[in-house]
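The primary structure of each chain is shown beneath.
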Amino acid sequence: MSDRTVLITNDVETTSIVNHRLDDGTARYVVEQGLPRLLDLYASHGVRATFFFTGRIARLYPDAVRRVHSLGHEVGSHGLTHEVDKAFDTMPRAMQLDHLVQSKHLLEDIVGSDVVAFRAPALRVDKGFAAVLKEAGFLIDSSVASQRLDMFFSFGSLGKLNWLRSPRHAYLTSSADIYRRGTDGVFEVPVSAFAFPYIGTFMRIAPLLNRTTRRLLHLEAMATGRQFVFLTHPNEFIDEPRDGNAIDRRAKSWLAYLMGDLLRHALKVRNLGAQALPLLEHELAFFDGYGYKYHTCSDLYNQYLNTHAQ
Ligand SMILES: [Zn+2]
C-alpha cells in the first residue's frame, strides 16, 4: 500500500479512569460527553474510525452504537465485559467462543449489519485465539501491539511477551498462532508502537515522548508503507468527578499493587477529559498535514484482499 494510512481506533467501555473501576455511571459520561466530543472532532477532520464496544455499554446505550454506525464509522466488538477476572486469555475455549458470539450478535442486532472486527479488553488474548475468533465469525482482530515494550505495567504481561515477535504490518494470522503470519487465521491490525505505545493514555501522560514515538512511526510509514493504528477511548475525554474512595486493589502482591494499580493510576489521570481533546487534535493535524488517509479496520482488510487477490 503506497497510500499513507492511519486508523483511529476507539474502545468504548464503562471503565472509570478517575475512580479506577467499571461503573455504569461512567457509561453516561462516555455516551453524553466523551463520544460526542470525539465524533465532532472526527467529523471536522474527515476521520472514519473504528469503535469497539463492550457488550455492557452497548446494552446500556444501544442508540450510541447506532449513532456511531450511522455516521459511517465501523462498529466492532470489545467483548462482552471488561471485568479483569474475565479476560479472554484466562477463559476456557468454550467461554471465549460464547462471549465472542454473544457480543457479535448483540451489536449486529443493534446496527442491523455485520460486525467483523474485534479487540480484546486490555489486549489480552492467547496464542490460539485466532481460531476461536474465526469460529465466532470475526474476520479482523486488533489485540496485538507489536514491539510494544511497556507490557510489564499491564495485566496479562507474560502473554504479551509475544508482542516482541509479532509482525509490524497488518497481517493474516495463522489459526494456531495469532502472533504469527499464516494463511488460515484472521486479519490482524497491530496497534502501533515503537517500544512506547501509540495510544491515548501515552499521548496524555507523556506528550513529548508521544511526539517522538509518532515521528519514528511516521518515518517507518514512509520507508515501509506501514499503517498507523492509534488506540484511544471515549472515557479519556470525559470530565468525571473523583468520588474520593481509595484505589481498588486488583493485584495480589504489594509490588504489583504499587506498580500495577497505584503508580498506573497516578499517571493515567493526567490530561483527562477536555484537556485531552487538543492533544488528539494535534495528532490529527499531523496526519492531515502529511496527507494521511483515515481508514477503518474493514477498509484496511478489504484493501489487503484486493492487493492479495489471485
Ligand atoms: Zn478496553
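Residues numbered from 1 in each chain as written. Predicted model: local features only at pLDDT ≥ 70, side-chain atom pairs only at ≥ 80, totals over all residues. Heavy atoms only, no water.

## Here we look at the environment of Thr224
For the record, the criterion: In this description a helix means any DSSP run of H or I spanning at least four residues, a strand means any run of E spanning at least two, and both kinds are numbered starting from the N terminus. Residues adjacent in sequence count toward polar contacts only when both atoms are side-chain atoms; beyond that, a polar contact is any pair of N or O atoms within 3.5 Å, and within protein one must be able to donate a hydrogen and the other to accept it.
With respect to the helices and strands, Thr224 occurs in helix H7 (residues 207–224). Along the backbone, Thr224 and Asp114 are 110 residues apart, and their C-alpha atoms lie at a distance of 32 Å. A polar atom in the side chain of Thr224 sits 3.2 Å from the side chain of His169.

## Focus on the coordination of the zinc ion
The test is simple: Coordination shells were defined by N, O and S atoms within 2.8 Å of each metal, extended to 3.2 Å for Na, K and Ca; water is absent from the atom set, which can make sites look incomplete. Burial classes follow relative accessibility: with a 1.4 Å probe on protein chains only, a residue under 20% of its type's maximum area counts as buried, one over 50% as exposed, and anything between as partly exposed.
Here the zinc ion is held by the protein donor atoms Glu13 (OE), His78 (NE2) and His82 (NE2), which lie 2.0 to 2.1 Å from it. Sequence spacing of the donors to the zinc ion: E-x64-H-x3-H. Of the two residues, His78 and His82, both sit in the buried class.

## Observations regarding helix H5 (residues 129–136)
Which entries qualify depends on this criterion: The arc in question is the one spanned by the directions pointing from the helix axis to the C-beta atoms. It only takes one pair of heavy atoms within 4.5 Å for two residues to be counted as in contact.
Looking only at H5, the buried set comprises Phe129, Ala130, Val132, Leu133 and Ala136. The buried residues of H5 all sit within an arc of 160 degrees when viewed along its axis, so they share a single face. Packing partners of the buried residues in H5 comprise helix H4 (93–111), strand S6 (117–118) and strand S7 (140–141).

## A word on the packing of aromatic side chains
Two aromatic rings are characterised by how far apart their centres lie and by the angle between their planes. Quick note on the threshold: In this scheme Phe, Tyr and Trp rings, the latter by its six-membered ring, pair at centre separations within 6.5 Å, and the angle between planes marks the pair as stacked below 30 degrees, edge-to-face above 60, and tilted otherwise. The criterion for a charge sitting over a ring is simple: Lys NZ or Arg CZ within 6 Å of the ring centre, and within 35 degrees of the ring normal.
Counted by the stated rule, this structure contains 16 aromatic pairs. Geometrically, the ring pair formed by Phe196 and Phe202 is stacked, given 5.1 Å between the ring centres and 15 degrees between the ring planes. A relative accessible area of 9% places Phe202 in the buried class. One aromatic cluster is present, formed by Tyr198, Phe228, Phe230, Phe286, Phe287, Tyr290 and Tyr292 through successive ring pairs. Positioned above the aromatic ring of Phe138 is the side chain of Lys104, whose terminal nitrogen or guanidinium carbon lies 5.9 Å from the ring centre. In this structure, Arg214 packs its charged tip against the face of Phe286, placed 4.4 Å from the ring centre.

## Some points on the pattern of salt bridges
Here is the rule we go by: In the sections that follow, a salt bridge refers to a side-chain nitrogen of Lys or Arg positioned within 4 Å of a carboxyl oxygen of Asp or Glu.
With the rule as written, the count across this model stands at 17 salt bridges. Between Arg21 and Asp23 there is a salt bridge whose closest N-O contact spans 3.2 Å. Assessed through its relative accessible area of 27%, Arg21 is described here as partly exposed. Linking Asp243 and Arg21 is a salt bridge whose minimum nitrogen-to-oxygen distance equals 2.5 Å. On the criterion of sequence distance, the pair formed by Asp243 in the loop between strand S12 (228–232) and helix H8 (254–268) and Arg21 in strand S3 (residues 21–22) is long-range, its members being 222 residues apart. Since its relative accessible area comes to 35%, Asp243 is described here as partly exposed. Through salt bridges that share partners, Arg21, Asp23 and Asp243 make up one connected network.

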